[in-house]
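# Structural characterization, general
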Amino acid sequence: MAPVLLSVSNGVATITLNRPDKLNAFNREMALLLQNLLDQCHTDIAIRCVLLTGAGKAFCAGQDLAELVGENPPSMQQILSEHYNPIVTRIRQMPKPVVAAINGVAAGAGANIALCADIVVATETASFIQAFSKIGLIPDSGGTYLLPRLIGWQKASALAMLGDKVSAAEAEKMGMIYKCFTQEDFESSIQKMATQLAQMPTQGLALTKQALNASFTNTYEAQLALEDVLQQQAAQTQDYNEGVQAFLEKRLPTFKGY
Ligand code: T3D
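In this text the structure is predicted, and so the values were computed from the model without any measurement.

Parameters at a glance
Residues numbered from 1 in each chain as written. Predicted model: local features only at pLDDT ≥ 70, side-chain atom pairs only at ≥ 80, totals over all residues. Heavy atoms only, no water. Pairing = 2+ DSSP bridges. Helix = DSSP H or I, 4+ residues; strand = E, 2+ residues; numbered from the N terminus. Axes fitted to C-alpha atoms, helices over the stretch in contact; angles between N-to-C directions. Contact = heavy atoms within 4.5 Å. Near = heavy atom within 4 Å. Polar contact = N/O pair within 3.5 Å; in protein donor to acceptor, adjacent residues only side chain to side chain. Areas by Shrake-Rupley, 256 points an atom, 1.4 Å probe, with all protein chains shown as cover. Nonpolar A, V, L, I, M, F, W, Y, C, P; charged D, E, K, R; others polar. Buried < 20%, exposed > 50% of the residue type's maximum accessible area, 1.4 Å probe, protein only. Parallel < 35°, antiparallel > 145°, perpendicular 65-115°, else oblique. Left-handed = near helix turned anticlockwise from the far one by under 90°. Domains from an automatic or database assignment. Buried area = accessible area lost by both parts, 1.4 Å probe. Salt bridge = Lys/Arg side-chain N within 4 Å of Asp/Glu carboxyl O.

### What to know about the sheet that holds strand β2 (residues 12–17)
- The strand order across the open sheet formed by 6 strands is β1-β2-β3-β5-β7-β10, and the pairing between neighbours is mixed. Since the sheet does not close on itself, it has two edges, and those belong to β1 (4–9) and β10 (179–181), each with one partner. Ignoring strand direction, the axes of neighbouring strands in this sheet form an average angle of 20°.
- Alignment of strand β3 (residues 49–54) against strand β5 (residues 98–102), held across 3 bridges, turns out to be parallel. From the neighbouring strand, Val50 faces β5, where its bridge partner is Val98.
- This element, helix α1 (residues 28–43), spans β1, β2 and β3 of the sheet and lies at about 20° to β1.

As structure tokens, then:
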């Protein structure tokens, strides 16, 4: 079986990290394949939402530590610049929503790849661990950037240094993720959310993502100027016309994604 799987249905691309016996830990082959599949999702206009999840009991245990002591191990420089940085960059630049559906433990790079998705949801038995400090590393894959912005500097600092396990319910409470679902509701809830997103005005969502990406570093004035530019682009889409028409005609809109 390939270490990452892709299936597409009703505009939703499901990407499944697939090394369940290794808790879906990343080796080089898996990291490069994930990049390739994210590129396919980026360019395929039939795909209007990407759902990222894990096979088996874990979401992802981060770097495969066994690979580092195997034959021809990738260098640290390769691991970040060729594996994880291109993955999180592709997720942030994906012109459609990416939902991370966290089905189990998300540790190390696995946690931070999860957290860079547009919407992160988890089942109640999932957990998040900034495992890096336990092996003498620093949080990577954007963790030092995203965590303080998601949960505040103090909590980010404590989790990065202590490497404590955060349950899905705690993660929801502290604003690290959007929602925690019961195990019973998890599958149906993520499918419902992904299907809903795939039927929404995709261009508008992509422009929203662009604006949110910029908001971390922009001044208020610069962000207002960016909203002005992006809103004009949104207003030129057919989906904007359809949305307004449908509202005025008191019917449900049919969005095509452009
Ligand atoms: O050089 C660099 O590393 C640069 C890259 C940095 C990016 C990173 O992601 S660094 C962080 C790497 N990840 C970790 O340190 C996490 C290590 N794993 C764990 O702490 C625990 O496994 C978990 C908390 C994730 C889950 O615990 P638990 O008790 O549910 O499962 P387990 O029994 O520890 O693991 C089950 C199996 O998966 C086990 O194999 P076995 O004994 O059944 O053959 C275990 O060795 C394997 N496994 C889990 N994580 C990894 C792994 N194998 C390789 N690499 C892993 N990361």
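### A short note on the site of the ligand
- Contacts to the ligand come from 20 residues, most closely from Ala61, Gln63, Leu65, Met76 and Ala109.
- Gln63 is positioned with one of its backbone polar atoms (N or O) 2.8 Å from a nitrogen atom of the ligand.
- Within the contact set of the ligand, an oxygen atom lies 2.8 Å away from a backbone nitrogen or oxygen of Ala109.
- Coverage of the ligand by the protein chains reaches 62% of its 1,000 Å² of free accessible surface.
- Considering each element in turn, the shell around the ligand owes the most residues, 3 residues, to helix α2 (residues 76–93).
- Looking at the shell around the ligand, its residues break down into 15 nonpolar, 3 polar and 2 charged.

### Considerations on the pairing of β1
- Relative to β2, β1 runs antiparallel, the two being bridged by 6 bridges. Bridge assignment links Val8 to a residue of β2, and that residue is Ala13.
- Between β1 and β2, which follow one another and run antiparallel, lie 2 residues, and Asn10 among them has a positive phi close to 50°.

### Regarding the side chain of Asn112
- The residue Asn112 is located in helix α3 (residues 109–115) in this model.
- Here Asn112 falls in the buried class, since its relative accessible area comes to 1%.
- Among residues more than four places away in sequence, those in contact with Asn112 are Val88, Gln130, Phe132, Pro139, Asp140, Ser141 and Gly143.

### Regarding the packing of α1 against α2
- Direction vectors running N to C along α1 and α2 enclose 25°, while the axes themselves pass 10 Å from each other. Accordingly, the angle class assigned to the pair α1 and α2 is roughly parallel. Crossing geometry of α1 relative to α2 is assigned as left-handed. Touching Arg28, Ala31, Leu32, Leu34, Gln35, Leu38, Asp39 and His42 of α1 are Gln78, Glu82, His83, Pro86, Ile87, Arg90, Ile91 and Gln93, all from α2.

### Topic: the domain arrangement of the protein
- Taken domain by domain, the protein consists of domain 1 (4–198) and domain 2 (202–248).
- A separation of 26 Å is found between the C-alpha centroids of domain 1 and domain 2.
- Regarding the contact of domain 1 and domain 2, the summed buried area is about 840 Å², with carbon and sulfur atoms giving 53% of it.
- With a closest N to O distance of 2.8 Å, Asp118 and Lys209 form a salt bridge.

### Notes on the pattern of salt bridges
- Inspection of the entire model under this criterion finds 7 salt bridges.
- Across the pair Glu82 and Arg28 runs a salt bridge, and its minimum N-O distance is 2.9 Å. Here Arg28 lies in helix α1 and Glu82 lies in helix α2, a separation of 54 residues in the sequence.
- Among the salt bridges present, the one from Arg92 reaches Asp118, with a minimum N-O distance of 3.0 Å. Placement of Arg92 in helix α2 and of Asp118 in the loop between α3 and β7 (119–123) is noted, with a sequence separation of 26 residues between them.
- In this structure, a network of salt bridges that share partners links the residues Arg92, Asp118 and Lys209.

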